[in-house]
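Residue-level listing of the chains:
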Amino acid sequence: MPDIGLLNGDFMPLDRLMVPVEDRGYQFGDGVYEVIRTYHGAPFQVEAHLARLDRSARAIELVSPHRLEQWRQWIEEGIRRAGYGESKVYLQLTRGVAPRDHAFPSQVRPTAVLTVRQMMEINPALRTTGVEVMTLEDLRWARCDIKSLNLLGNVMARQRAKMAGAFEAIFVRNREVTEGAVSNVMIVRDGVVITPPEDHRILAGITRRLVLDLARKHGIGARERVVTAEDFHRADEIFLTGTTVEVLAVVRIDGKPVKTGRPGPVTSQLFNWFADEYLRPTG
Ligand code: PMP
């Protein structure tokens, strides 16, 4: 089965999908995106992803010419056409094709792209060992709540982490932890889950919200408040949340162990609850 692409409503094999050089996504990163994965072949949290796509688009004054229902149909059809057991669907909406000029033209048709590839799970061994992270100054712009195509800050940070042998880069802005390059971050202190609040400094992660709700449902305290670099280094447990990582224990920060250096009990519980609720077949 080929990977599947869709350009402005037309499905095609992904390797045939071409976008003009003057697309503003290519020239300026002038666009927004989402990544949706499937569980048991069905797109996960599709409503929440489409709502976030819409919020991101509005925040950059980009009006999607396609209704949410249209995106949903494309997602379903793309998954069906690709035929993978589990898929990773990428949606991208750019301002469109126009002669290069920073200010945007009034008349331009947004470019809608969708790709479907086979979902690659993270190495299952990491579930038991946990991962190392590297902290880095958050040099990104001040609207990280928008899921924009401008990912250079994330790209550079993730590359630095990779070169240092770390799984993820964790951003620190003014001595406060914000999020990872591709994930949100939470700490556990005295049995309470703490994560930075939803504001312009972080992406309102969909997994983040599900995990906070799960913690509360199971009687674990969950607070959304500032996490200082000091809180981070003193945490009893740390974990990442995100579409690909789900709930993943962090056991080392910049080469130093988090407490015992092994995944903590609250993190493991949360992963198990997440798996019970969403990952395991229902019947
Ligand atoms: N922060 C950033 C910067 C991300 O790229 C992602 C991945 N989308 C997340 C957080 C986690 O968000 P989600 O749980 O919606 O995948």
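### Focus: the site of the ligand
As a matter of local geometry, the ligand sits amid 15 residues, with Lys147, Glu179, Ile206, Thr207 and Thr243 nearest to it. Ile206 is positioned with one of its backbone polar atoms (N or O) 2.8 Å from an oxygen atom of the ligand. Residue Thr207 places a side-chain N or O atom 2.6 Å away from an oxygen atom belonging to the ligand. Within the complex, the protein chains bury 92% of what would otherwise be the 390 Å² of accessible surface of the ligand. Mapped onto the shell around the ligand, the elements with two or more residues apiece are strand S9 (176–180) and helix H6 (206–217). Split into classes, the residues belonging to the shell around the ligand amount to 4 nonpolar, 8 polar and 3 charged.

### What about the packing of aromatic side chains?
Taken as a whole, this structure holds 6 aromatic pairs when the rule is applied. The interplanar angle of 80° and the centroid separation of 6.3 Å between the aromatic rings of Phe44 and Phe274 together place this pair among those described as edge-to-face. One end of the pair, Phe44, is in the loop between strand S4 (42–43) and helix H2 (46–59); the other, Phe274, is in helix H8 (residues 265–279), and 230 residues separate them in sequence. You'll find Phe44 and Phe274 in the same group, each marked buried. Between Phe44 and Tyr278 the ring centres are 5.2 Å apart and the planes differ by 70°, which places this aromatic pair in the edge-to-face class. Highlighted residues: Phe44 in the loop between S4 and H2 and Tyr278 in helix H8, separated in sequence by 234 residues. When its relative accessible area of 14% is taken as the criterion, Phe44 is described as buried. Directly above the aromatic system of Phe104 lies the positively charged group of Arg95, at a separation of 3.6 Å from the ring centroid. The ring of Phe167 has Arg158 sitting right over it, with the charged end atom 5.5 Å from the ring centre.

### Concerning the packing of H2 against helix H3 (residues 68–82)
Orientation of H2 relative to H3, taken along the N-to-C sense of each, is 130°, at an axis distance of 11 Å. Judged by the inter-axis angle, H2 sits oblique to H3. Crossing of H2 over H3 shows right-handed handedness. Here Val46, Glu47, Leu50, Leu53 and Asp54 of H2 come into contact with H3, specifically with Leu68, Trp71, Arg72 and Ile75.

### Some words on the domain arrangement of the protein
Under the domain assignment, the protein is made up of domain 1 (4–118) and domain 2 (126–279). Here domain 1 and domain 2 have C-alpha centroids that lie 27 Å from each other. Of the residues lining the interface, 24 residues belong to domain 1; the matching set on domain 2 comes to 18 residues. Approximately 1700 Å² of surface area, both sides summed, lies buried where domain 1 meets domain 2, with 61% of it carried by carbon and sulfur atoms. Looking only at domain 1, the three residues that lose the most surface to domain 2 are Tyr33, Tyr39 and Arg52, adding up to 33% of its buried area. The tally of links from domain 1 across to domain 2 stands at 1 salt bridge. Close ionic contact of Arg37 with Glu246 constitutes a salt bridge, the shortest N to O distance being 3.5 Å. Along the contact surface separating domain 1 from domain 2 lie 8 residue pairs in polar contact (both at pLDDT 80 or more). Elements with a minimum of two residues in the side of domain 1 that touches domain 2: helix H1 (24–28), strand S3 (31–39), H2 and strand S5 (87–94). Per-element tally for the side of domain 1 that touches domain 2: the top contributor is S3, with 7 residues. The residue makeup of the side of domain 1 that touches domain 2, split by class, is 10 nonpolar, 9 polar and 5 charged.

Conventions adopted
- Residues numbered from 1 in each chain as written.
- Predicted model: local features only at pLDDT ≥ 70, side-chain atom pairs only at ≥ 80, totals over all residues.
- Heavy atoms only, no water.
- Near = heavy atom within 4 Å.
- Polar contact = N/O pair within 3.5 Å; in protein donor to acceptor, adjacent residues only side chain to side chain.
- Areas by Shrake-Rupley, 256 points an atom, 1.4 Å probe, with all protein chains shown as cover.
- Helix = DSSP H or I, 4+ residues; strand = E, 2+ residues; numbered from the N terminus.
- Nonpolar A, V, L, I, M, F, W, Y, C, P; charged D, E, K, R; others polar.
- Phe/Tyr/Trp six-rings, centres within 6.5 Å; stacked < 30°, edge-to-face > 60°.
- Buried < 20%, exposed > 50% of the residue type's maximum accessible area, 1.4 Å probe, protein only.
- Lys NZ or Arg CZ within 6 Å of the ring centre and 35° of its normal.
- Axes fitted to C-alpha atoms, helices over the stretch in contact; angles between N-to-C directions.
- Parallel < 35°, antiparallel > 145°, perpendicular 65-115°, else oblique.
- Left-handed = near helix turned anticlockwise from the far one by under 90°.
- Contact = heavy atoms within 4.5 Å.
- Domains from an automatic or database assignment.
- Buried area = accessible area lost by both parts, 1.4 Å probe.
- Salt bridge = Lys/Arg side-chain N within 4 Å of Asp/Glu carboxyl O.

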